[in-house]
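Architecture and fold: a report
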Number of protein chains: 2
Amino acid sequence: MTATTPADDLIFGLTRVIDLPGLTAAGGAPLGAEDIAAIIGEADRFARELLWPNAQAADRHGAILENGVVRTPESYKAAYRAWIEGGWQGLAAPAEVNGIEVGGQELPQALWMAVCELVTSGDMSFSLCPLLSVGAIEAIARFAAPAQQEAWLPKLISGEWTGTMCLTEPQAGSDLSQVRTKAEPDGTGSYRITGQKIYITWGEHDLTENTLHLILARLPDAPPGTRGISLFAAPKVLPDGTRNALRCGGLEKKMGIHASPTCVMLFEGAEAQLVGEPNRGLNAMFAMMNAARLGVGVEGVAQGARALALAEPYAEQRVQGGQPISRHPDVVRMLAEIRAITLAGRLLALEAGAALDRARLLKDAEADARVALLTPIVKAWCTDRGVDCASLGIQVHGGMGFVEDTGAAQVLRDARIAPIYEGTNGIQAMDLVGRKLFRDGGAHMRGLLAEVQAADPRLAPAVAAMTRATDWMLDRGLKDANAAQASAAAYLDAAGWTLGGWMLARAAAADERYAPIAAFYLARLLPRAAARVAEIEAADSLLALLPAA
Amino acid sequence: MTATTPADDLIFGLTRVIDLPGLTAAGGAPLGAEDIAAIIGEADRFARELLWPNAQAADRHGAILENGVVRTPESYKAAYRAWIEGGWQGLAAPAEVNGIEVGGQELPQALWMAVCELVTSGDMSFSLCPLLSVGAIEAIARFAAPAQQEAWLPKLISGEWTGTMCLTEPQAGSDLSQVRTKAEPDGTGSYRITGQKIYITWGEHDLTENTLHLILARLPDAPPGTRGISLFAAPKVLPDGTRNALRCGGLEKKMGIHASPTCVMLFEGAEAQLVGEPNRGLNAMFAMMNAARLGVGVEGVAQGARALALAEPYAEQRVQGGQPISRHPDVVRMLAEIRAITLAGRLLALEAGAALDRARLLKDAEADARVALLTPIVKAWCTDRGVDCASLGIQVHGGMGFVEDTGAAQVLRDARIAPIYEGTNGIQAMDLVGRKLFRDGGAHMRGLLAEVQAADPRLAPAVAAMTRATDWMLDRGLKDANAAQASAAAYLDAAGWTLGGWMLARAAAADERYAPIAAFYLARLLPRAAARVAEIEAADSLLALLPAA
């Protein structure tokens with residue numbers, strides 16, 4: 001098996017598969033192969049030195065709420081300090097917004113996603129803290145007023161403050177139209193927020209002095225539904241140094257990511273500012289979510305990488321039947337599946353990152369459409385596969401995988417959240433079909449499939465199946481919303497297997513070291529795309545099970 | 001969707017699909033449909049009243065080792081007492097062995113497996129205690145001397161004592177030839193056992209006064225490897241009331257089944273008796289394992305049933321987008337997958353149980369071969385699917401599935417062990433191919449596929465794929481052990497999907513209430529069999545990744 005590390009793969013992917021040097025040069029902000037290698041090497045070192053050695057202990061410690069304060073594992077303090085000092089938070093953040101210097105390095109999104117994979121592999125619980133800040137930075141940079149940007153962006157981009165996304169309420173999960181949190185003007189231009197938010201990742205913690213909460217809430221005269229939701233920002237500590245009227249009311253006891261505090265946040269008349277236009281909060285939130293969704297997809301990849309990093313050395317040293325189990329064909333199969341799927345997801349995420357960069361640097365409208373199409377696929381396919389790979393990683397360890405000592409079990413416990421948050425994978429599938437495919441009559445998907453087809457003849461059966469599935473969706477699915485929704489998950493999954501194969505074919509074409517793992521994927525795993533398409537075509541058997549309205 | 005409960009399905013499966021009334025009547029021990037319904041109803045009540053209400057609290061309490069004593073959850077004491085009082089432990093155990101009354105009811109194995117599913121759904125951690133005893137009963141009934149049988153079987157069959165299986169050592173997991181535990185004759189006809197066993201389920205606990213440990217160990221003059229392993233039995237408390245020299249040295253901290261104590265057992269010169277012939281211990285152990293493997297397969301089914309029992313009511317009451325999510329097509333899909341797969345596994349396990357019963361009651365050699373063929377498939381396919389279904393169950397719950405409150409996360413944490421223990425699923429796949437398929441040149445598999453083919457035309461594509469795969473295995477696989485092993489897991493998986501479809505087709509033919517869910521499975525899920533066969537045929541791409549010897 002090709003003995004490349006994730007960092008090797010990321011450097012290779014960035015330079016040779018998505019050609020970031022060429023892309024950035026064309027965009028007037030050239031980033032050379034050596035720069036890429038140096039940055040990835042540094043990120044890898046950060047993760048290996050500060051996260052990997054402590055991730056299991058952090059899981060055992062967890063996040064602890066005591067007297068309103070959330071205590072995180074001790075090792076996180078040094079890691080977060082190094083994160084700030086390394087300037088990592090601002091890697092892809094803007095340097096300047098509305099003429100204000102805000103401190104970001106404006107490096108490519110694809111590079112940022114590569115860094116995120118390495119950090120998340122090192123410790124997913126830790127990584128969620130800085131990753132959530134990115135959503136806040138994005139929303140503020142795009143929608144906030146200049147004075148707000150000046151006040152908040154430098155703090156968030158340096159990492160001195162963290163940011164949160166306060167969306168979910170007990171009755172409002174996938175359906176944000178049900179948001180009830182209230183925002184009332186206080187007569188000074190500010191607002192008072194009252195309500196309860198749940199599942200707030202890193203809502204309260206002891207790593208920074210301050211946290212800026214971005215909150216969806218309703219103004220007093222807001223229309224019902226999603227057109228009556230506005231976005232607000234409320235800092236934990238007000239500019240005068242007093243505590244704002246918001247607090248963590250409890251931590252969820254979760255299956256995994258134990259060291260990432262998942263908070264119930266209580267807003268008790270918290271002072272907040274409106275961000276962007278009244279009643280347009282959902283737009284801003286979707287901007288945050290879209291960036292976050294690619295990040296969550298990367299979490300799936302990162303968990304596959306972590307599963308492999310634990311399973312491969314275990315299999316090398318575990319002797320059964322007179323030889324290391326890494327020589328047993330069925331173990332080779334499991335390791336190859338994790339490696340191939342993780343590599344496919346890794347490169348697919350970079351492809352989405354490159355499209356983001358093309359859109360920004362080259363003002364390429366096609367690239368915008370590609371981002372839109374790839375985002376739900378990266379989010380859902382990579383996170384579903386992350387769970388699969390984590391489970392395979394446990395299986396390689398046998399009984400040692402089920403006990404908590406090796407860390408293999410933690411990978412599955414941690415990975416299992418990613419198909420759920422930032423829009424469940426079911427929501428992603430409906431986004432892909434309902435928003436992306438239907439809006440342009442399948443034009444962009446067909447264009448993408450043509451590119452895939454041209455890349456490697458081994459992709460032809462999957463492309464043929466995807467073409468049938470796309471025709472089906474645009475015919476049957478467009479006429480019958482239930483049929484479309486019943487088959488959306490299978491459609492997304494088929495697309496993911498197909499595009500994963502495309503990325504591996506491109507990797508093999510660029511460097512023959514990747515040819516064996518690509519051949520394995522294309523021969524053994526790619527048929528799963530066609531099997532999913534068979535499910536789509538059998539939608540009637542599912543529709544027959546829908547309860548009568 | 002057909003609103004049948006697992007108990008309904010089990011009664012239906014036992015009476016209408018595998019025709020247990022007909023089978024038992026032909027065997028001279030008739031068991032009518034009403035008897036079956038009454039027993040299943042009682043087992044269901046046992047599980048609902050004594051296990052379901054306490055299973056989450058039991059998980060939180062866990063098993064606790066204090067001063068050499070393992071404390072189990074308080075609720076388990078009443079449940080285990082009721083288990084004994086209901087006579088459940090002896091349901092399928094022998095009534096008489098070598099002319100000695102030992103207290104079993106000798107009811108059919110298929111009925112016992114149905115009872116096990118209900119109990120395991122109620123609380124898997126609890127269920128493992130009585131289920132492990134069954135292996136001990138089986139080994140003693142088949143291999144022990146009459147005096148041993150008289151001393152131990154009545155205690156085990158009543159449930160007054162529990163039994164364990166002490167196989168694994170740190171260096172001897174899947175490869176039992178590496179067992180090092182020693183047994184030395186003490187001159188009185190007894191032996192002294194010295195060594196360390198790990199992963200001993202319910203090795204120490206507070207539910208019974210005594211536990212009989214069945215132990216694999218080596219006699220002083222034993223040849224190396226598997227032909228030098230003997231089986232011994234050592235009670236925790238000796239007949240004179242003193243403690244034997246064995247103890248629990250630690251409990252594993254596991255991902256799931258927290259309330260099932262997984263013990264490191266230290267044998268420090270423990271007094272033991274030889275069971276069966278010297279150096280033939282592995283044979284006896286395989287007898288125990290084979291029965292246990294079907295039981296573990298049932299655990300996978302039970303976890304699917306538990307996932308569904310939690311997800312369906314949740315989906316009914318969780319409103320998003322103005323209606324319960326149970327009406328959202330993608331949620332209907334997930335629930336239908338859990339229901340269809342779980343029902344397929346349930347019926348397939350009963351089919352294996354019926355074969356066991358035919359072999360015993362009708363002395364049917366064909367039935368023996370069917371048991372041999374179905375055992376690895378039931379063990380591996382049902383447990384892999386149990387993990388899938390548990391994961392789907394979490395997904396239906398969204399964020400609530402990842403937090404521990406609903407119990408959905410516990411199902412996945414508990415289910416994840418089943419593909420590992422009693423022979424990993426990789427070992428099952430090699431057993432299916434290497435021991436079952438190759439030994440009779442595929443004769444029994446071909447016979448089974450012919451039955452499947454005849455049952456329903458919708459099964460034809462899967463049977464065609466399985467036939468190709470079988471030909472491939474008997475040609476390519478027989479010539480090349482690596483090729484066979486590389487594709488064994490895919491072969492087993494394809495067989496599982498195919499046989500699951502067969503069982504649902506038979507259910508639909510017997511009662512049209514099952515037609516919609518069978519149609520769903522046959523149209524949407526059965527294509528997975530052919531996708532797996534495509535993997536088999538692409539074995540070379542995997543073999544290219546095998547490390548050089």
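Residues numbered from 1 in each chain as written. Chains lettered and ligands numbered in written order. Predicted model: local features only at pLDDT ≥ 70, side-chain atom pairs only at ≥ 80, totals over all residues. Heavy atoms only, no water.

Counting secondary structure elements, chain A contains 20 helices and 13 strands. For a compact globule of 549 residues, the expected C-alpha radius of gyration is about 24 Å, and chain A comes in at 23 Å, within 12% of that figure. Dimensions of chain A, computed from C-alpha atoms along their principal axes, come out at roughly 70 × 55 × 50 Å. For chain A, the exposed surface amounts to about 18000 Å²; the carbon and sulfur share of it is 52%. Across chain A, the mean location of the 49 positive side-chain charges is 4 Å away from that of the 62 negative side-chain charges. (Helix = DSSP H or I, 4+ residues; strand = E, 2+ residues; numbered from the N terminus. Rg over C-alpha atoms; globule rule 2.2 N^0.38 Å. Areas by Shrake-Rupley, 256 points an atom, 1.4 Å probe, with all protein chains shown as cover. Lys, Arg positive; Asp, Glu negative; His and termini not counted. Charge placed at Lys NZ, Arg CZ, Asp CG, Glu CD.)

One non-glycine residue, N67(A), lies in positive phi territory at about 55°. Note on placement: N67(A) falls in the loop between strand 1 (64–66) and strand 2 (69–71).

Now for the relation of the copies chain B and chain A. Once turned by 180° and shifted 0.0 Å along the axis, chain B lies on chain A with an RMSD of 0.0 Å. In short, the pair behaves as if placed about a two-fold rotation axis. Within chain B, A531(B) has its C-alpha nearest the rotation axis, a separation of 3.0 Å. Interface overlap between copies is the fraction of interface residues in one copy that are interface residues in the other; for chain B against chain A it reaches 100%, indicating a shared surface. (Least-squares fit on C-alpha atoms with pLDDT ≥ 70 in both. Contact = heavy atoms within 4.5 Å.)

Turning our eyes to something else, we now look at the UniProt feature "domain: Acyl-CoA oxidase/dehydrogenase middle" (unreviewed entry) in chain A. As recorded in UniProt, the feature "domain: Acyl-CoA oxidase/dehydrogenase middle" (unreviewed entry) lies at residues 165–268 of chain A. Helix and strand shares over residues 165–268 of chain A are 0% and 42% respectively, and the end C-alpha atoms of the span are 17 Å apart. (UniProt positions renumbered as here; feature names shortened; annotations may be inferred.)

Each partner contributes residues to the interface: chain B has 77 residues there, and chain A has 77 residues. Together, the buried faces of chain B and chain A total about 6200 Å²; carbon and sulfur atoms form 61% of this surface. When the area that chain B buries against chain A is broken down by residue, the three leading residues are F402(B), R524(B) and L545(B), summing to 14%. Counting across the chain B and chain A interface gives 4 salt bridges. With a closest N to O distance of 3.1 Å, R528(A) and E535(B) form a salt bridge. At the junction of chain B and chain A, the tally comes to 30 residue pairs in polar contact (both at pLDDT 80 or more). Here the residues of the side of chain B that touches chain A are counted per class, giving 40 nonpolar, 19 polar and 18 charged. (Buried area = accessible area lost by both parts, 1.4 Å probe. Salt bridge = Lys/Arg side-chain N within 4 Å of Asp/Glu carboxyl O. Polar contact = N/O pair within 3.5 Å; in protein donor to acceptor, adjacent residues only side chain to side chain. Nonpolar A, V, L, I, M, F, W, Y, C, P; charged D, E, K, R; others polar.)

Scanning the entire structure with this criterion turns up 78 salt bridges over all chains. For R513(A), the salt bridge goes to D511(A), with nearest N and O atoms at 3.1 Å. Overall, the relative accessible area of 40% leaves R513(A) in the partly exposed class. When its relative accessible area of 16% is taken as the criterion, D511(A) is described as buried. Ionic pairing is found between K479(B) and D475(B), a salt bridge with its closest N-O pair at 2.6 Å. Note that K479(B) and D475(B) are positioned in helix 16 (residues 460–479) at a spacing of 4 residues, about one turn of the helix. When its relative accessible area of 41% is taken as the criterion, D475(B) is described as partly exposed. Residues joined by salt bridges that share partners form a network here, namely D330(A), R333(A), E337(A), R524(A), R528(A), R385(B), D388(B), D493(B), R532(B) and E535(B). (Buried < 20%, exposed > 50% of the residue type's maximum accessible area, 1.4 Å probe, protein only.)

Here the focus is a positive patch on the surface. Where like charges cluster on the molecular surface, the positive patch consists of R60(A), K253(A), R60(B) and K253(B). With respect to the helices, strands and loops of the structure, R60(A) is situated in helix 4 (residues 55–61). Judged by its relative accessible area of 56%, R60(A) falls in the exposed class. (Patch = residues over 30% accessible without salt bridge, like charges linked within 9 Å, V, L, I, M, F, W, Y side chains within 5 Å.)

So, about the packing of helix 11 (residues 365–397) of chain A against helix 15 (residues 443–455) of chain A. Residues and elements named next belong to chain A. Where helix 11 contacts helix 15, the axes come no closer than 10 Å and their chain directions differ by 85°. Viewed along their axes, helix 11 and helix 15 adopt a mutual orientation that is roughly perpendicular. In contact with E366, A369, R370, L373, L374 and I377 of helix 11, helix 15 contributes H444, M445, L448 and E451. Residues belonging to the contact of helix 11 with helix 15 are distributed by class as follows: 6 nonpolar, 1 polar and 3 charged. (Axes fitted to C-alpha atoms, helices over the stretch in contact; angles between N-to-C directions. Parallel < 35°, antiparallel > 145°, perpendicular 65-115°, else oblique.)

What follows concerns the UniProt feature "domain: Acyl-CoA dehydrogenase/oxidase C-terminal" (unreviewed entry) in chain A. Within this numbering scheme, the UniProt entry marks residues 279–432 of chain A as carrying the feature "domain: Acyl-CoA dehydrogenase/oxidase C-terminal" (unreviewed entry). For residues 279–432 of chain A, the helix share is 81%, the strand share is 3%, and the end-to-end C-alpha distance is 25 Å.

Residues and elements named next belong to chain B. Where helix 15 (residues 443–455) contacts helix 17 (residues 481–510), the axes come no closer than 10 Å and their chain directions differ by 40°. The chirality of how helix 15 crosses helix 17 is left-handed. Listed contacts from helix 17 to M445, L448, E451, V452 and A455 of helix 15 are Y491, A495, T498, L499 and W502. Considering only residue class, the contact of helix 15 with helix 17 consists of 8 nonpolar, 1 polar and 1 charged. (Left-handed = near helix turned anticlockwise from the far one by under 90°.)

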